[in-house]
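Each chain is listed here by its residues.
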Amino acid sequence: MAKKDEKSKKNAPLIGIDIGGTGIKGGIVDLKKGKMIGDRVRFPTPQPSTPESVTEVVAQVVAELSARPDAPDANSPVGVTFPGIIQHGVVHSAANVDKSWLEADIDGMLTARLGRPVEVINDADAAGLAEARFGAGEGVAGTVLVITLGTGIGSAFIFNGKLVPNAELGHLEIDGFDAETKASAVARERDGLTWEQYSVLLQRYFSHVEFLFSPELFIVGGGISKRADEYLPHMKLRTPIVPAELKNDAGIVGAAIEIALKHKLAK
């Protein structure tokens, strides 16, 4: 009987939470399909986005999702993304949230507040995991680089379907500048660039990353992946480059995948 119960927990739905600079969203994830069950829940990120205030909003999201008829078991683990470097559950960078997060034990804080196991993963890493397992990178061997273009430039390094965590490729120095200060989606808006002008900067960035890693595939994520036809056709690379498929759900799905893998609840 115990073996049957254990088997039934494999790939059972789990909650994923995506903490962002402007919003905190979550959903119940079907780990067999890589899709959400029902609608997302979203609350604005509190300002200032301190550990205490963000933790409370995460608890609100989990409580709302847990009240649904199709919610996972109340003791099931929760996966969470965070926009910063996460190592052994501790925050080591905080570009778009309050600086009081630096060196905070985010795993410990959220586990204590929710009363259930929590694993936190970098937001771009989560998006990369989701794309590698259920999106544009599914079944691709070798190195797949998922690059998210948003407030900054996030990145996920996937090798043979497995994540190499905390690859911060948005902070490479190109032409004397931190890459994301010139080639992020926000930088394009700030500088009033046309899509064609922006594609020149992206070409410079992706050519450099291509030279360093020779990946099998680039996947472009972030909000502007929906406008990929405006800039990808202007770029010339050896490596195939495609838009992400999971769009804004990638972080939530990836967070659930990470917690499932850590707790051996997914294959």
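Residue numbers restart at each chain and count upward from 1, following the sequence in its written direction. Since the coordinates come from a predicted model, pLDDT governs what is reported: local features require at least 70, and pairs of side-chain atoms require 80 or more to be given and counted, while whole-chain, interface and lining totals use all residues. The side-chain values count all of the structure's non-hydrogen atoms but skip hydrogen atoms and water molecules.

**Let's talk about the overall build of the chain**
Link 1 in the chain: The helix and strand labels rest on DSSP assignments: H or I over at least four residues marks a helix, E over at least two residues marks a strand, and numbering proceeds from the N terminus. Summing up its helical and strand segments, the chain has eight helices and 14 strands in all.
Link 2 in the chain: The globule rule puts the C-alpha radius of gyration for 267 residues at 18 Å, and the 18 Å found for the chain is close to it.
Link 3 in the chain: With the principal axes as the frame, the chain shows a C-alpha extent of 60 × 40 × 30 Å.
Link 4 in the chain: Relative accessibility under 20% of the residue-type maximum defines a buried residue, over 50% an exposed one, and the middle range a partly exposed one, all with a 1.4 Å probe and only protein chains included. Relative to its full complement of 267 residues, the chain shows a buried share of 53%.
Link 5 in the chain: Contact between two residues is taken to exist if any of their heavy atoms lie within 4.5 Å; hydrogens are not considered. Pairs at least 24 apart in sequence give 63% of the contacts found in the chain among residues at least 6 apart. Just to be clear, the radius of gyration here is over C-alpha atoms, and the globule rule we use is 2.2 Å times residues to the power 0.38.

**A closer look at the sheet that holds strand β10 (residues 162–164)**
Link 1 in the chain: The strand order across the open sheet built from five strands is β10-β9-β8-β13-β14, with neighbouring strands paired in mixed fashion. In the strand order of this sheet, the two ends are held by β10 and β14 (241–243), each with one partner. Within this sheet the neighbouring strands show an average axis-to-axis angle of 30°, counted without direction.
Link 2 in the chain: Sheet topology note: the strand β8 (residues 143–149)/strand β13 (residues 217–221) ladder contains five bridges and is parallel. Whether two strands pair depends on DSSP finding at least two bridges between them. Between N-to-C directions, angles span 0 to 180 degrees; the directions come from axes that are lines fitted to C-alpha atoms, helices contributing only their stretch in contact.

**Examining the environment of D30**
Link 1 in the chain: Positionally, D30 belongs in strand β2 (residues 23–30).
Link 2 in the chain: Along the sequence, D30 and I158 sit 128 residues apart, while their C-alpha atoms lie 22 Å from each other.
Link 3 in the chain: Excluding residues within four positions of it along the chain, D30 makes contact with K35 and I37.

**A short note on the pattern of salt bridges**
Link 1 in the chain: What counts as a salt bridge is simple: a side-chain nitrogen of Lys or Arg found within 4 Å of a carboxyl oxygen of Asp or Glu. This model, assessed by the stated rule, comprises eight salt bridges.
Link 2 in the chain: The partner of R40 in a salt bridge is D249, with the nearest N and O atoms 4.0 Å apart. Of this pair, R40 sits in strand β3 (residues 35–44) while D249 is found in the loop between β14 and α8 (250–262), placing the two residues 209 residues apart along the sequence.
Link 3 in the chain: For R40, a relative accessible area of 36% corresponds to the partly exposed category.
Link 4 in the chain: A relative accessible area of 27% places D249 in the partly exposed class.
Link 5 in the chain: If you follow the salt bridges from partner to partner, you end up with E119, E258 and K262 in one network.

**Overview of the packing of helix α4 (residues 123–134) against α8**
Link 1 in the chain: α8 packs onto α4 with a crossing angle of 85° between their chain directions and a minimal axis gap of 7 Å. Considering their axes alone, α4 and α8 lie roughly perpendicular with respect to each other. Between α4 and α8, the residues in contact are A126, A127, L129, A130, R133 and F134 and A250, G251, V253, G254, A255, I257, E258 and L261, respectively.
Link 2 in the chain: Residue polarity follows a fixed list, in which Ala, Val, Leu, Ile, Met, Phe, Trp, Tyr, Cys and Pro are nonpolar, Asp, Glu, Lys and Arg are charged, and the others, Gly among them, are polar. Of the residues belonging to the contact of α4 with α8, the class tally is 10 nonpolar, two polar and two charged. The cut-offs work like this: below 35 degrees is roughly parallel, past 145 is roughly antiparallel, 65 to 115 is roughly perpendicular, and the gaps in between are oblique.

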